[in-house]
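Report on the structure
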Amino acid sequence: MTASLLRPAAAEFLRIAGGVTALTAPTPCAGYDVRGLLNHLLYWGPWLIAAGRREDPPTPAGGEAEAALVAADWLADLEKQTETMVEVFGTPAAWTGTTSLGSASMPSAVVGAMVLGEFVLHGWDLARASGQPCAYAPEAATAVYESAVAMGAQARSMGVYGPEVAVGAGASPLERALGAAGRDPDWTA
């Protein structure tokens, strides 16, 4: 996986986010409506940025469920956060060595893969919830698929991914990534 996949994936993610109109719409991401999913993104983004910079994570006043980060200017906040993530993880050096995500030490490449996965998987979630198309590069979707397969068992045990969804042999790279991450590519609201 390379840092070069991030900028185009982030651009598509932000295009989709800009088309969101109904914050109460359900999403394919279990347990989240659109507002909840946006809150999730705004809550964990600073943690990913801190990991990419190899800095201490933020000290939140409460957990994700207590955060109320989707204010009137949520799109501007998401755009700024996304651009910072691209800047931080947009260089090959950000993908080398190790870092910490909270108290867990891990390869920096795993955190970079998480960032790409946030853009692609949650972008698709928002696209489905808002009735928009999404067009991620096959290379980005393939990288997300490979990452989802590699960390799938651990992600499922932590409740990050749902059970794997089987997709057909002719599935697109995005459909394979979605299935590996526990999403049904045919989900509709």
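Just above sits the structure.
**Thoughts on the layout of surface pockets**
What the largest pocket holds in volume is close to 1000 Å³. Sorting the residues of the lining of the largest pocket by element identifies α2 (34–53), β2 (104–107), α4 (108–130) and α5 (138–157) as the ones contributing at least two each. When residues of the lining of the largest pocket are assigned to their parent elements, the largest contribution, 7 residues, is made by α4. In the lining of the largest pocket, the residues fall into 22 nonpolar, 9 polar and 3 charged.

**What to know about the side chain of Thr-27**
Along the chain, Thr-27 falls in the loop between α1 (6–18) and α2. A distance of 2.7 Å separates a polar atom in the side chain of Thr-27 from the backbone oxygen of Tyr-32. Those residues in contact with Thr-27 that sit more than four places away from it in its chain are Tyr-32, Asp-33, Val-34, Leu-37, Asp-125, Ala-129 and Trp-187.

**Notes on the packing of α2 against α4**
Taken N-terminus to C-terminus, the directions of α2 and α4 make an angle of 165 degrees; their axes are 11 Å apart at the nearest point. When the axes of α2 and α4 are compared, the pair comes out roughly antiparallel. Handedness of the α2/α4 crossing: left-handed. Contact residues: α2 offers Val-34, Leu-37, Leu-38, His-40, Leu-41, Leu-48 and Ala-51, while α4 offers Val-111, Met-114, Val-115, Glu-118, His-122, Asp-125, Leu-126 and Ala-129. When grouped by side-chain class, the residues that make up the contact of α2 with α4 number 11 nonpolar, 2 polar and 2 charged.

How each quantity is defined
Residues numbered from 1 in each chain as written. Predicted model: local features only at pLDDT ≥ 70, side-chain atom pairs only at ≥ 80, totals over all residues. Heavy atoms only, no water. 1 Å grid on protein atoms, 1.4 Å probe; cavity = no way out; pocket = protein on both sides within 12 Å on 5 of 7 lines; lining within 4 Å. Points joined across faces, edges and corners; volume = space filled by probe spheres on them. Helix = DSSP H or I, 4+ residues; strand = E, 2+ residues; numbered from the N terminus. Nonpolar A, V, L, I, M, F, W, Y, C, P; charged D, E, K, R; others polar. Polar contact = N/O pair within 3.5 Å; in protein donor to acceptor, adjacent residues only side chain to side chain. Contact = heavy atoms within 4.5 Å. Axes fitted to C-alpha atoms, helices over the stretch in contact; angles between N-to-C directions. Parallel < 35°, antiparallel > 145°, perpendicular 65-115°, else oblique. Left-handed = near helix turned anticlockwise from the far one by under 90°.

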